[in-house]
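Each chain is listed here by its residues.
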Amino acid sequence: MTFFRKKRLFILLIGLIVLVAMIGYSLRDREDLTTAEQFIKDTVGWSQSIVHKPVDYVTTVFENIDDLRNTYHENQLLREKIAEYKSLFYDVQKLKEENVELRELLEKKKSIRSYTPIQASVISRSPEQWMDQVTINKGKQDGVSANMAVITSEGMIGKVETASPFTSTVKLLSGFDQFSRISATIAREEGKDIFGMIEGYDEKTGNLVFKIIEESDKDLKEDELVFSSGMGGVFPSGLPIGNVKEVKPDQYGLTRTAFVEPVADMYDINSVIVVEREQTDDNNDDSEKDEAS
Amino acid sequence: MNRILIPFLLFLLLILEGIALDLLPVSLVSGELQLVPHWVLLCLILKMMFFDREDANGSVIYGFVFGFLIDVVYTGVLGVYMFSYALVIYIMHGLIKVLHANFYAATLIGVIGVVLADVFINLMYSVAGISEVVWNDYLIYRMLPTALANGLFLVFLYPLLVSRFVKWKEQRGSGGSAYF
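Residues numbered from 1 in each chain as written. Chains lettered and ligands numbered in written order. Predicted model: local features only at pLDDT ≥ 70, side-chain atom pairs only at ≥ 80, totals over all residues.

Participant: So what exactly am I meant to see when it comes to the sheet that holds strand E5 (residues 168–172) of chain A here?
Facilitator: What links the strands of a sheet is backbone hydrogen bonding, and the strands pair in either a parallel or an antiparallel sense. All names here are of chain A. Spatial ordering of the closed barrel is given by E1-E2-E5-E4-E3-E12, a layout of six strands whose pairing is antiparallel. Adjacent strand axes in the sheet meet at a mean angle of 45 degrees, parallel and antiparallel pairs treated alike. Looking at chain direction, strand E2 (residues 133–136) and E5 are connected through four bridges and run antiparallel. Residue pairing in the sheet places Gln 133 in a bridge with Lys 171 of E5. In this fold helix H2 (residues 35–68) packs onto strand E1 (115–125) and E2, with an angle of close to 80 degrees to the strand it touches most, E1. (Pairing = 2+ DSSP bridges. Helix = DSSP H or I, 4+ residues; strand = E, 2+ residues; numbered from the N terminus. Axes fitted to C-alpha atoms, helices over the stretch in contact; angles between N-to-C directions. Contact = placed C-beta atoms within 7 Å.)

Participant: Looking at this model, I keep getting lost on the sheet that holds strand E11 (residues 256–262) of chain A. Mind explaining?
Facilitator: Residue and element names in this part refer to chain A. In spatial order, the strands read E6-E7-E8-E11-E10-E9; together these six strands close into a barrel with antiparallel pairing. Each strand axis lies, on average, 45 degrees off the axis of its neighbour in the sheet, ignoring direction. Of the strand pairs in this sheet, strand E10 (residues 240–249) and E11 are connected by seven bridges, and their pairing is antiparallel. Counted as the bridge partner of Lys 248 is Thr 257 from E11.

Participant: Help me understand the interface of chain A and chain B, please; the structure alone is not making it clear to me.
Facilitator: How big an interface is tends to be reported as the loss of accessible area on association of its parts. Taken residue by residue, the interface counts 28 residues in chain A and 30 residues in chain B. Among the secondary structure elements, those contributing two or more residues to the side of chain A that touches chain B are helix H1 (2–27), H2 and E1 of chain A. Element by element, the count of residues in the side of chain A that touches chain B is highest for H2 of chain A, at ten residues. In the side of chain A that touches chain B, the residues fall into 13 nonpolar, ten polar and five charged. (Nonpolar A, V, L, I, M, F, W, Y, C, P; charged D, E, K, R; others polar.)

Participant: Can you walk me through the environment of Val 122 of chain A in this structure?
Facilitator: Residue and element names in this part refer to chain A. Here Val 122 is to be found in strand E1. The sequence separation of Val 122 and Asp 32 amounts to 90 residues, and the corresponding C-alpha distance is 21 Å. Look past the residues within four positions of Val 122 in its chain and what remains in contact with it is Val 134, Ile 136, Ile 269, Asn 270 and Val 272.

Participant: How should I be thinking about the nonpolar core in this particular structure?
Facilitator: The nonpolar side chains of a soluble globular protein tend to be buried with one another. Within the largest apolar cluster, 50 residues are counted, with the highest numbers of intra-cluster contacts made by Val 40, Leu 41, Ile 45, Val 80, Tyr 85 and Ile 89 of chain B. With eleven residues, the top contributor of residues to this core is helix H3 (residues 39–50) of chain B. Setting aside its immediate chain neighbours within four residues, Tyr 85 of chain B contacts Leu 41, Gly 63, Phe 66, Gly 67 and Ala 117 of chain B. With 44 residues, the next largest nonpolar core counts Val 170, Leu 172, Ile 269 and Val 272 of chain A among its residues. (Core = buried A, V, L, I, M, F, W, Y, C linked by C-beta atoms within 7 Å. Buried ≥ 20, exposed ≤ 12 C-beta atoms within 10 Å, placed from the backbone.)

Participant: What is the right way to look at helix H4 (residues 58–75) of chain B in this model?
Facilitator: It helps to recall that an α-helix has 3.6 residues per turn; residues three or four apart then point in one direction. Residue and element names in this part refer to chain B. Over its 18 residues, H4 extends 25 Å from the first C-alpha to the last, a length consistent with the 26 Å expected when each residue adds 1.5 Å. Burial within H4 is extensive, with 13 of its 18 residues counted as buried. Looking at the residues trailing H4, positive phi occurs at Gly 76, about 80 degrees. (Expected span 1.5 Å × (residues − 1).)

Participant: What should I look at first to understand the environment of Ser 59 of chain B in this one?
Facilitator: All names here are of chain B. Relative to the helices and strands, Ser 59 is located in helix H4. Judged by the 26 C-beta atoms lying within 10 Å of it, Ser 59 is buried. Counting along the chain gives 34 residues from Ser 59 to His 93, while the straight-line C-alpha distance between them is 9.0 Å.

Participant: Looking at this structure, I do not really get the pairing of strand E4 (residues 156–163) of chain A. What am I missing?
Facilitator: The side chains of a regular strand alternate, residue by residue, between the two faces of the sheet. Residue and element names in this part refer to chain A. Counting buried positions along E4 yields eight of eight residues, so the element is predominantly enclosed. The sheet contact formed by strand E3 (residues 149–151) and E4 spans three bridges and is antiparallel. From the neighbouring strand, Val 150 faces E4, where its bridge partner is Gly 158. Two successive antiparallel strands, E3 and E4, enclose a turn made up of four residues. Relative to E5, E4 runs antiparallel, the two sharing five bridges. What sits directly across from Val 160, in E5, is Val 170. Here E4 folds back onto E5 in antiparallel fashion, the turn holding four residues.

Listed below in structure tokens is the structure:
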């Protein structure tokens, strides 16, 4: 009897020590996953991509039925939008050409706006909802690496947390904290842009916290669009992040914080684009290495 | 045969857990409620009640292995699910000796197991600084919905699995391994 009690206690204590060691190991700032973890992730990811297809098919059928009800109304709206876009398209085309010409004049081919897109689709979402992460079916073999931005057609949804050879894990914006910041901006005319950092996510309101660091123009309005600024050296600039919902001064009244509602839907994601920032010609991006790390 | 089938079944549930939230309507998932599927745990509890011998600890080892897989694949924080599942199955193993193996007992044990495991997981996450939630909020927004959803899933899983487990147990007869 005493022998068994002792054995049990012994196992429990050893277990606790191993548990603490393992949690400590995995919470450490790891550059890369171990080979075993990568192998498990790829194997499970491969099986998930098989199971995901029929499931996805069924859910889209239901979604389509749901969509059918709003079609008429949406169609009218879209017609109006298209008429606007036609003239906008012409403008954009001209501006692009002009931009290329000017860049050639300056001999500066690539800007911090340019990126290489990698198409991927979501194969699973973590059932543990503290984590806010999804798995996509592209990995190192396709050129994905950690800390790349991930977007949908609507806007930014997150960044690559870890990459295995054939799958990778994406951390959604709703899981961002002060350790994964995005340098962001609100575009204004004549160099009056507002700069700041997205420094986390407010669970209660579902908004991103945008700390304005530049002592620039401060009359923020609601519904202004916040973009990534590309100043951090990791994400390219010009990715839409969200709309300003509310502006508050911080507790000392020195800086102001805007609450930004993400434009992209974090819950209904099927296909995403991993954004690989192209190296700019002038390599002076070691200023803010801590972005997204 | 069932030596391969049971790990395969658990692996299938592990994969389906990753798709579970896509199946639910978006309005339910995007709100404050957190529904966490613990299907692997439920399946292990059923296996323990209807397939294992009374003195066998195989389910604890399965809980250890599949909990580890969940940690690697879905959370990236190793050890949390692994130890919670193994510990809960060990505790439940002691508890089922006092109950008859029937539907009501299975539901009761399953829900208690899920609640215990989820509390352990949340406790470890809050110690590690991953979840920063008040325990009152946790109770309303995560524990109750999770317990309810998993209880429902257990009711759905019970008729599918239990008859098979009982059949396999009879097939195994007196021979075979005492552990798996």
